[in-house]
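Report on the structure
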Amino acid sequence: TVSALVELGSGDALVDDLRTLGALYEERLNDPFKAIETHQAILGLQGESVASHSALWRLNLVENRWAAAVKAGFALLEHITPRDSEDAVSILRRCANVLGEALSRWDDAVSAWERLLGLRPSDRETLDALDALYSSRGDDGRLLSILQRKVALGAGDQLELSFDL
């Protein structure tokens, strides 16, 4: 097992063997849970591994292990440059969606969407998500700011604005 391998040794050779084992579990044996365990062991030995963070992000999403996926996604984001690259934006957007829709961690979802807004100030999906979140939470000050931004960006576009009075 993975824990038995970790107890037997340490160092680069062990990490290389664990990477091979993780790929085997994932790609050939179709055992995502053993693959997850293997990549967690690599992180325990190395502290940081972009490949393991990436694998944990992917595997946990596939297995609907939402909290673990978000944790891996945020860890992976720390290694992606530039911060506003398509890969980083895609991961952050998925984390924001998962935080809100799957985990109902609304404060964390708002924070993730706001972080995304800092990277992509005119991103329509981000503006729409924050519009909905601020509306549902009654955060009128922030909602006003988002609506003003949407109106400014939509000059020339047809926008449908609705207000509850």
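Up top is the structure.
Now for a quick tour of the structure. Per-chain numbering applies: the sequence of each chain, read as written, is numbered from 1 onward. Totals for whole chains, interfaces and linings use all residues, but because this is a predicted model, local features are given only for residues with pLDDT of at least 70 and pairs of side-chain atoms are given and counted only at 80 or more. Side-chain measures here rest on the full set of heavy atoms in the structure, leaving out hydrogens and waters.

A short note on the overall build of the protein
Operational definition: Helix numbers and strand numbers start at the N terminus; a helix is a DSSP run of H or I with at least 4 residues, a strand a run of E with at least 2. We call two residues in contact whenever any of their non-hydrogen atoms come within 4.5 Å of each other. Areas reported as accessible are Shrake-Rupley estimates using a 1.4 Å probe. Residue values count occlusion only from the protein chains shown.
For the protein, the count of helices and strands is 9 helices and 0 strands. Along the chain direction, N to C, the helices and strands of the protein fall in the order α-α-α-α-α-α-α-α-α. The contacts in the protein between residues at least 6 apart in sequence include a share of 42% that link residues at least 24 apart. For the protein, the computed accessible surface area is about 9600 Å², with 49% contributed by carbon and sulfur atoms.

Comments concerning unusual backbone geometry
For the bond running from T81 to P82, omega is -5 degrees, close enough to zero to count as cis. Topologically, P82 is positioned in the loop between α5 (66-77) and α6 (86-102). At N30, a position not held by glycine, the phi torsion is positive, near 50 degrees. For N30, the location among the structural elements is in the loop between α2 (12-28) and α3 (32-46). Positive phi, close to 55 degrees, is recorded for N64, a residue that is not glycine. Within the secondary structure, N64 is located in the loop between α4 (50-62) and α5.

Notes on the nonpolar core
As a reminder, the rule being used: As used here, the term nonpolar core means buried Ala, Val, Leu, Ile, Met, Phe, Trp, Tyr and Cys residues forming a set that is joined through side-chain atoms within 4.5 Å. Only protein chains enter the accessibility calculation, which uses a 1.4 Å probe. A residue is then buried if its area is under 20% of the maximum for its type, exposed if over 50%, and partly exposed in between.
Core analysis: the biggest nonpolar cluster contains 43 residues, and W57, I91, W113 and L130 have the highest contact counts within it. When residues of this core are traced back to their parent elements, those giving at least two are α2, α3, α4, α5, α6, α7 (106-119), α8 (124-137) and α9 (140-153). The leading source of residues in this core is α6, at 8 residues.

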